[in-house]
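# Survey of secondary and tertiary structure
The primary structure of each chain is shown beneath.
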Amino acid sequence: MVHVRTKIERARPEDVAALSKFSVATIHEAQGRLGAVNQKIKPIDRNMSFCGSAFTVQSAPRDNIMLQVAISYAQPGDVIIVSAGEYEDAGSFGDVLANACKAKGVTALVTDTGVRDTKEIIDLGFPVFSLSVCVIGTVKETLGKINDTIVIGGQIVRPGDIVRGDADGVVIVRREDAAEVAKLSQAREDAEAGYIAAYKAGKSVIEVSNLAGVLAAKGLTTDE
């Protein structure tokens, strides 16, 4: 007997909205270089971007029955995030299920296995981030867990944590840290805007980053 958890504490919409303004790289750096999902999990189109509350799925490799269960119970704003054993040789998700997600208001899919029908999914405008693109079909045999803690791409993800994805990849933010991470991300963006303004004003990278002393201490010299 496998029990499906459908009632979970989701991320607050205001926290999702706040973090959606920042890039994956900014969020990763702002929270102490934490939360980056393995770089092999990438969008099927670099223009895809999303931010939402994690709806977690544990699935057997080359088996998408639990993914279909998850889509049935997911709510608008959820990001379905699937741990399927880092198995590349399977197309566990395609345009039919993408349409099902879109109809339910699901925000995105992140999976550590393969997907297919990528042209149709891109045309549909549904964000999909996957380990591979593969046409090999899947079975519907093995039950797994819904909305338990999973590990995907080297990161622990709990139901309701915030998942942010863009052209560079995916980052996870713990639900209880979201408001603080948004503040830190804004501070980082403000600082970087100052660096860019200084470069445009003619200052060098060494000046702006205060590297002269560090470089001298390490023994770097120039012929100037």
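Residues numbered from 1 in each chain as written. Predicted model: local features only at pLDDT ≥ 70, side-chain atom pairs only at ≥ 80, totals over all residues. Heavy atoms only, no water.

### Looking at the nonpolar core
By size, the foremost hydrophobic cluster in this structure holds 40 residues, and its most contacted members are Ile80, Ile81, Phe93, Leu109, Val110, Phe126 and Val163. For this core, the elements supplying multiple residues, two or more each, are strand E2 (50-58), helix H3 (65-73), strand E3 (78-83), helix H4 (95-104), strand E4 (108-111), strand E6 (128-130), strand E8 (150-152) and strand E11 (169-173). With sequence-adjacent residues up to four places away left out, Phe126 is seen in contact with Met48, Phe93, Ala98, Cys101, Val106, Thr107, Ala108, Leu109 and Ile121. (Core = buried A, V, L, I, M, F, W, Y, C linked by side-chain atoms within 4.5 Å. Buried < 20%, exposed > 50% of the residue type's maximum accessible area, 1.4 Å probe, protein only. Helix = DSSP H or I, 4+ residues; strand = E, 2+ residues; numbered from the N terminus. Contact = heavy atoms within 4.5 Å.)

### A short note on the UniProt feature "binding site: Mg(2+)" (unreviewed entry) in the protein chain
Sites flagged by UniProt as "binding site: Mg(2+)" (unreviewed entry) map to Asp117. Judged by relative accessible area, which is 30%, Asp117 ranks as partly exposed. Among all residues touching Asp117, those that are not within four sequence positions of it are Gly94 and Asp95. Within the local environment of Asp117, its side chain forms a polar contact with the backbone nitrogen of Asp95, the two atoms lying 3.1 Å apart. (UniProt positions renumbered as here; feature names shortened; annotations may be inferred. Polar contact = N/O pair within 3.5 Å; in protein donor to acceptor, adjacent residues only side chain to side chain.)

### A short note on H3
Of the residues making up H3, those classed as buried are Met66, Leu67, Ala70 and Ile71. Angularly, the buried residues of H3 cover 145 degrees about the axis, an arc narrow enough to put them on a single face. Elements in contact with the buried residues of H3: E2, E3, H4 and E4. (Arc of directions from axis to C-beta.)

### Regarding the UniProt feature "binding site: substrate" (unreviewed entry) in the protein chain
On the UniProt side, "binding site: substrate" (unreviewed entry) is annotated at positions that read Gly94, Asp95, Val96, Leu97 and Arg116 here. In sequence the annotated residues extend across 23 residues, while in space they remain close, none of their C-alpha pairs exceeding 10.6 Å. Positionally, Asp95 belongs in helix H4. Here Asp95 falls in the partly exposed class, since its relative accessible area comes to 24%. Not counting chain neighbours up to four residues away, the residues in contact with Asp95 comprise Arg116, Asp117, Glu120 and Ile121. Relative to the assigned elements, Val96 resides in helix H4. Exposure remark for Val96: the relative accessible area of 63% places this residue in the exposed category.

### Examining the pairing of E11
Along E11, 5 of the 5 residues are buried, which leaves the element largely enclosed by surrounding structure. Pairing between strand E10 (residues 162-166) and E11: 5 bridges, direction antiparallel. When the sheet's bridge partners are listed, Ile162 is paired in E11 with Val173. Between E10 and E11, which follow one another and run antiparallel, lie 2 residues. (Pairing = 2+ DSSP bridges.)

### Description of the side chain of Asp166
Mapped onto the secondary structure, Asp166 falls in strand E10. Buried charge without a partner: Asp166 forms no salt bridge, and the closest opposite charge is Arg164, 4.5 Å away. A polar atom in the side chain of Asp166 sits 2.9 Å from the backbone nitrogen of Val24. A distance of 2.9 Å separates a polar atom in the side chain of Asp166 from the backbone nitrogen of Asp168. What Asp166 contacts, discounting residues up to four positions off in sequence, is Ser23, Val24, Pro43, Met48, Ser49 and Phe129. (Lys, Arg positive; Asp, Glu negative; His and termini not counted. Salt bridge = Lys/Arg side-chain N within 4 Å of Asp/Glu carboxyl O.)

### Describing unusual backbone geometry
With a phi close to 60 degrees, Arg33 is a non-glycine residue in the positive phi region. Of note, Arg33 is situated in the loop between helix H2 (24-30) and strand E1 (42-43). Its identity as a non-glycine residue notwithstanding, Asn210 has a phi of 55 degrees, on the positive side. Under the relative-accessibility criterion, Asn210 is labelled exposed at 62%.

### Some remarks on the pairing of E10
For E10, the tally of buried residues reaches 5 of 5 residues, placing the bulk of the element in the interior. Along E10, one buried face is formed by Ile162, Arg164 and Asp166 and the opposite face, lined by Val163 and Gly165, is buried too. Where E2 and E10 come together, 4 bridges link them in antiparallel fashion. Residue pairing in the sheet places Cys51 in a bridge with Arg164 of E10.

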